[in-house]
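Structural features, examined
Listed here are the chains, written in short residue letters.
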Amino acid sequence: MATTIKNKKTAPPQTDDLAPVAMDKKRQVILSLGILFLLSGVFTCFAIVSYYFTWTADQDNLFSNYSRAYILFHDNTPVANWGGRLGMVLSHILVNKGAGIASLAIGIVLAAIGANLIYGKRVLPLLRYMRWLSILLLLVAPILAYLFPNRAILLGGALGKVAIDYLNGLLGFLGTGMVLLSTVLFFVFVIFALDVRPFINRMRAHAKKVAASLKPEPVFNTPDEVDKNVPFPVDAAANPTNGKAANPALVIDNRTNNKEWAMTMSEKPGEQAAEVDVMEEEELEEDEEFEAYQKFATERDATAGLEKIAGEPGDLEFSYVVKQVEEPVIKHGAHISIADNEPFAREESLRNYKFPTLDLLEDRVQEAISLNKEELERNKDQIINTLRSFGIEIKTITATVGPTVTLYEIVPAEGVRISKIRNLEDDIALNLAALGIRIIAPIPGKGTIGIEVPNANKQIVSMKALLSSEKFVNNKMSLPIALGKKIDNENYIVDLATMPHLLMAGATGQGKSVGINAILVSLLYKKHPSQLKFVMIDPKKVELSIYRKIEKHFLAKLPNENEPIITDTKKAIYTLKALCDEMDNRYELLKEAGARNIKEYNEKIVNRRIKNPAEHKYLPFIVLVIDEFADLIMTAGKEVEMPIARLAQLARAVGIHLIIATQRPSVNVITGTIKANFPARIAFKVSAKVDSRTILDAGGAEQLIGRGDMLVSHGSELLRLQCAFVDTPEVEKIVDFIGDQQGYGSAHPLPEPEMDDEEGGGKSVDLKNRDKLFDDCARLVVQMQSGSTSNLQRRLNLGYNRAGRIMDQLEAAGVVGAANGSKPREVFFRTESELQEFLDTLR
C-alpha cells in the first residue's frame, strides 16, 4: 500500500500552549462567517416572502425619488415588510428588478453556505445548489412572466419580463410558448432523465385490477364440476407455458446434493406434481374461464396440503431457493482417514496414533432451514417499494435462504444505474427494520444485484456436520480448514497452504476466538502429528492455553523454553526469529535436495529418492498462530513486524504459514507491510467502516450482525459466511483425546535464534556443534584480517542469520574479538599456519 508524503513548509517554532489558541481563533472566524451566511439567507427568504404581502403598503417608499441609501439610513417612515427597511429595499431589488419569486433560491444558497461553514463539512452540496439557482433564474422567471403577464414584475421580475418581451417581439406569443415548452421538456427528460414508464405501468395494472373486480366469477363445488363446466384441458394447467400464463405463485426450489426439486401443485394425490412458475398477470384477464379454473385449482390444492404463495396483481416474478444440508459421509464416531492425502515418514512418526473421533463434538441437530414465507414476502415487498419510491424499477427478484442471511437478487430495469441502488443501503435497512443489510452491486459473475438481509431466526452451523461432509473428508488439500457455510448453505472448505497466510480481525465478542478454534480443530482432525506443528503466541494468556495438553504431539517451541504457549513479548520475539532461522535452514535443505517446495521435498524423503539421506529429514508443516497481534505491536513494534513480514514473504514454499488475529484493526497495527503479504483475510463485525477498509480494503464488515457472521476475502472473492461453532468443552475433549496418547519425547524444537548481546544476555556458544563452514570462515577472516559478517555473507553466499551464528562461534573460539559497533572485529591470528594449529586443537 503506497503512502503519499506531502512536503510541508517549515513553520516558526511555537510553544504548545499557543497552538490550540491559533486553531480556536480560526474556527471562531469560520463559525462566525457560517452564522452570518445562515442568518443572511433566512433573512433574505423572509423578506422576499413578505414582499408579496406588503409591497402595496410600501410602494410610496419604494417608488419615491429618494435614494436607497436615504431610505435605509435617514428615512424614518414606518414600513410593512417583515424585514424592515433593509428587507423592503433588498426584496424590491431581487423581486422587482431581478428574477421575481425565483430569487428565493439566492437566500437558500446563502443558508446552505452558512450550514456548511458551521458544521465544518459539506452538509449541503453547494455546486448542486448553484446549478438549481441558474435553472431557476433563467427558466422559471421567464415562464412565470409568460403565464402571468399582468403580474410579470411580481412573479417573473425584470429578468423574466425583459426576456418575454424580447421573445414575443421575435417569435410572437405562440412561438414563445413553444420555445418555453421545449426548454422545459428538455430539462425534464434529458437533463433529469425522468422515466414515466413505471407510472404508466402502475396505471395500467390498476385499471386491469378494477376491470377484473367487475367481472362475474363462476363458482365450482367439486373437481368434477370443474371438468364438466370449464372447457379447459388439464394438461394446460400442468404446463402453463403452453397455454395461458399461470396464476402467479412462488416457486420453492430445494437443492439437496446439487439436485433440484420443486414443491408444486398436483392434480391428484400421488400424481406427478406440476411446476408452477411465477409470471406476470397481464394476460390473465383475457380469458375468464382460464382465470376461474386456476383460482379453483389453487384452492383445491391448498386443501390437499400443498403450499404456494399467491402474488398480487402487478407483482414481479419472485422465487426463493434453499440448499439443504449435505448428508455426512462419515457416520457417528468414525475416524477420518488421511490415507488418500499426503504421505508421511511412518518410521519416524507415532505409529499407534489415533485420530480424534467425531463423537467428541456435540451432535447438534442439522435441521432444514426454516422458511418463513411471510417474512420473505414482507422483505420482498419492502425492497420493491423502497426502490420504487426512488424511481427504480426492477424486472425480477429471487431469494436464496441461508442459515443466517437471505440473499435477495434483483435484476434492475434497463437504464437503471447501479450506483443509485448501492446508495440506498440505509434506506432499505430502515424500511426492513433490520441490522446487517449489505448490498453487493453487482454480484461478481452474475448480472444481478444482491441485497443481504439477516434472518429473524438464525441457525447454528455445526462443526461436526462440516467435518463429516464429503467435501472435507475426501479432499486433496494439504491443510484443509472448515470455516463455515455460505449464504446458499454450501460448506466452505479451503486450503490454508494456498492462502498461504490468514489475517483475522473483528471487535470483541464477535466470534474471532471461535473462528481460531474452528481452524485448529479442522487441522487436528485431518493431520498426523508428524505432518503438522503449531507455534502459538497468546499475549492474553487465556485463549490458546487449552492446547498446552498436546505439547508433545503438535506443538513446537524453543529448546529451553518451559511453556509451550508463548505469552511473554520478549519470548515471542525470540520465537519469531527462530522461525526465520528455521525457514533459512529449510531452504538450505530444499536447495541440497533439488526440490522447489516442501511437498516435493517430503515426497523424495518418503520415496527415498534423495541423496545423503542422513542429512535430511521429513519436514512437517508449521502454523504460527498469534491471537492478539495488537498487543505485540504496541510493546515490540518493528521487532515483531519485520520477522513476520519476512516469514509472510518467503515461508510459504517451506511449509510455514501464519494465522494472525487482532481485535483492534487500526492502521498502526495492520500496517501496509503486513497487509501486502496477507492476501487472505477474515473480518468479523467491526464498529466502523474505516476498520472494515483496513482489514478487507472494502466496506461491509461494519454491517455484519455478529455471533460468527463474517466476510472472507480470498483471491478476488468477498464471501459472507456463518462461522462454524465449536465450544470450549468440545475443544477440551479433543485435546484430551490426543494428549492421553503416546507422544514424542518433547515438543518439536526450533533452532536457537541469534540475538544481540543486550537482548540475549551474553548467550553461550557450544563449540562442539560448530557450523560446517566454521573452518572456511575462520580462514577467510584471517586472510582478510577483518572480522565482518557482511564479508562472510558476500564471499560464501550465506544468509545473515547463519553468518551471524558463525561469527559468534569464531568469537567464542577466540579467533575474532567482540563486536565494535559498525567497525570490523579484531582478528587474533596473523597467519593461516597459526590458525591451522588452533583448529587442530579444537578437533
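About the cut-offs
- Residues numbered from 1 in each chain as written.
- Predicted model: local features only at pLDDT ≥ 70, side-chain atom pairs only at ≥ 80, totals over all residues.
- Heavy atoms only, no water.
- Core = buried A, V, L, I, M, F, W, Y, C linked by side-chain atoms within 4.5 Å.
- Buried < 20%, exposed > 50% of the residue type's maximum accessible area, 1.4 Å probe, protein only.
- Contact = heavy atoms within 4.5 Å.
- Helix = DSSP H or I, 4+ residues; strand = E, 2+ residues; numbered from the N terminus.
- Polar contact = N/O pair within 3.5 Å; in protein donor to acceptor, adjacent residues only side chain to side chain.
- Expected span 1.5 Å × (residues − 1).
- Pairing = 2+ DSSP bridges.
- Salt bridge = Lys/Arg side-chain N within 4 Å of Asp/Glu carboxyl O.

**Points about the nonpolar core**
With 113 residues, the main nonpolar core has Phe534, Tyr547 and Ile644 as its most contacted residues. Excluding residues within four positions of it along the chain, Phe534 makes contact with Leu520, Leu523, Leu524, Phe554, Leu555, Ala556, Val623 and Val625. By size, the runner-up hydrophobic cluster in this structure holds 22 residues, among which are Ile397, Ala429, Ala441 and Val453.

**Examining the side chain of Thr694**
Here Thr694 lies in helix α25 (residues 689–696). Its relative accessible area of 6% is what places Thr694 among the buried residues. A polar contact of 2.8 Å, which involves the side chain of Thr694, links it to the backbone oxygen of Val690. For Thr694, the residues in contact, after removing those within four places along its chain, are Pro665, Ser666, Val667, Ile670 and Lys675.

**A closer look at the environment of Ile695**
Among the secondary structure elements, Ile695 is positioned in helix α25. In this structure the C-alpha to C-alpha distance between Ile695 and Pro665, which are 30 residues apart in sequence, comes to 6.6 Å.

**Brief notes about helix α30 (residues 800–813)**
Between its first and last C-alpha, α30 extends 20 Å over 14 residues, near the 20 Å set by a 1.5 Å rise per residue. Counting buried positions over the 14 residues of α30 gives 10, a clear majority of the element. Within α30, the full set of buried residues consists of Asn801, Arg802, Ala803, Gly804, Ile806, Met807, Asp808, Gln809, Leu810 and Ala813. Directly after α30, the chain includes Gly814, whose backbone phi takes a positive value near 90°.

**Quick look at the pairing of strand β8 (residues 480–486)**
Counting buried residues in β8 gives six out of seven residues, a clear majority hidden from the surface. Pairing of β8 with strand β9 (residues 491–495) involves five bridges; the strand directions are antiparallel. Each bridged residue has a counterpart across the sheet, and for Pro480 the counterpart in β9 is Asp495. Where β8 folds back onto β9 in an antiparallel hairpin, the turn is made up of four residues, including Asn489, whose phi is positive at roughly 70°. Note: β8 against strand β17 (residues 717–723), three bridges, orientation antiparallel. Counted as the bridge partner of Lys486 is Leu721 from β17.

**With respect to the pattern of salt bridges**
Using the criterion set out here, one finds 27 salt bridges in the structure. For Arg720, the salt bridge identified is with Glu452, shortest N-O distance 2.8 Å. In this pair, Arg720 sits in strand β17 while Glu452 sits in strand β7 (residues 449–454), placing the two residues 268 residues apart along the sequence. Lys486 is the salt-bridge partner of Glu490, the closest N and O atoms lying 3.4 Å from each other. Look at Glu490 and you get partly exposed, because its relative accessible area is 25%.

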